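Listed below, chain by chain, are the residues.
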Amino acid sequence: MAARERLICTSAALADGGDGVRFEVARHGACEPAFAVRYCGRVYAYLNRCAHVPVELDWELGRFFDLTGHYLICAAHGAHYDVRDGRCAMGPCKGARLQAVEVFERDGAVFVREEA
Ligand code: FES
């Protein structure tokens, strides 16, 4: 399947362990809500859909990290996800995963790679 690259935000918009950037990604012929965050210097992105019940994760728009700044947390029932692989480490869907979205940085910007 053909893929295209699309700008999400500047690299500076994603502070390490800070607020995420929400965006939409083309997947299976539809537009899906997604988000990107930075953790330990690297950008990670996932569909904005909890593995427990398919609701968006952020407890305020763009707020995905728990208070420690080490886990992504679902506002609905508190599932904690490992930022690095999207695996639920604690909560009602322990062991399930968020769906990763392919992103990369180039020339001070963050891009998503999605279906053309
Ligand atoms: S909907 Fe996310 S933990 Fe229940």
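Residues numbered from 1 in each chain as written. Predicted model: local features only at pLDDT ≥ 70, side-chain atom pairs only at ≥ 80, totals over all residues. Heavy atoms only, no water.

The name given to the chain in an unreviewed UniProt entry is Rieske (2Fe-2S) protein, with Pseudothauera rhizosphaerae as the source organism.

Participant: Now, about the nonpolar core: what can you tell me, with residues and values included?
Facilitator: Judged by nonpolar contacts, the single largest core of 17 residues is most densely connected at Phe 35, Val 37, Leu 57, Leu 72, Tyr 81, Val 83 and Leu 98. Residue assignment for this core shows that the elements contributing at least two residues are strand 3 (30–39) and strand 4 (42–47). The dominant element in this core, judged by the number of residues it contributes, is strand 3, at 3 residues. Counting residues in each nonpolar core, the second largest holds 15 residues, with Val 25, Val 103, Val 110 and Val 112 among its members. (Core = buried A, V, L, I, M, F, W, Y, C linked by side-chain atoms within 4.5 Å. Buried < 20%, exposed > 50% of the residue type's maximum accessible area, 1.4 Å probe, protein only. Helix = DSSP H or I, 4+ residues; strand = E, 2+ residues; numbered from the N terminus.)

Participant: I'd like a description of the UniProt feature "domain: Rieske" (unreviewed entry) in the chain, backed by residues and values.
Facilitator: Annotation from UniProt places "domain: Rieske" (unreviewed entry) at residues 6–112. As annotated, residues 6–112 has a helix share of 0% and a strand share of 42%, and its two end C-alpha atoms lie 5 Å apart. (UniProt positions renumbered as here; feature names shortened; annotations may be inferred.)

Participant: Lay out the sheet that holds strand 2 (residues 21–27) with the relevant residues and their values.
Facilitator: Spatially, 2-3-4 is the arrangement adopted by the 3 strands of the open sheet, whose pairing is antiparallel. Two strands close off the open sheet at either side, each with one partner strand: strand 2 and strand 4. Strand-to-strand twist in this sheet, taken as the mean axis angle between neighbours without regard to direction, amounts to 35 degrees. Bridging between strand 2 and strand 3 involves 7 bridges; their strand directions are antiparallel. What sits directly across from Val 25, in strand 3, is Glu 32. (Pairing = 2+ DSSP bridges. Axes fitted to C-alpha atoms, helices over the stretch in contact; angles between N-to-C directions.)

Participant: Mind laying out the pairing of strand 8 (residues 103–106), listing which residues take part and the relevant values?
Facilitator: Bridge count for strand 8 against strand 9 (residues 109–115) is 4 bridges, and the pairing is antiparallel. Of the residues in strand 9, the one forming a bridge with Val 103 is Val 112. Linking two consecutive strands that pair antiparallel, namely strand 8 and strand 9, is a turn of 2 residues; a positive phi of about 50 degrees is found at Asp 107 within it.

Participant: A description of the pattern of salt bridges should follow, citing residues and the corresponding values.
Facilitator: Between side chains of opposite charge, pairing is possible as soon as their charged atoms come close. Under the defined criterion, the tally for this structure stands at 12 salt bridges. One salt bridge connects Arg 106 with Glu 5, and the closest N-O pair in it is separated by 3.2 Å. With Arg 106 in strand 8 and Glu 5 in strand 1 (residues 3–10), this residue pair connects regions lying 101 residues apart in the sequence. We classify Arg 106 as partly exposed; its relative accessible area is 38%. The exposure class assigned to Glu 5 is partly exposed, which follows from its relative accessible area of 39%. The residue Arg 22 makes a salt bridge to Asp 58 at a minimum N-O spacing of 2.6 Å. Taken as a pair, Arg 22 in strand 2 and Asp 58 in the loop between strand 4 and strand 5 (71–73) lie far apart in primary sequence, 36 residues in all. With relative accessibility at 11%, the residue Asp 58 sits in the buried group. When salt bridges that share partners are traced, they join Glu 5, Glu 102, Arg 106 and Arg 113 into one network. (Salt bridge = Lys/Arg side-chain N within 4 Å of Asp/Glu carboxyl O.)

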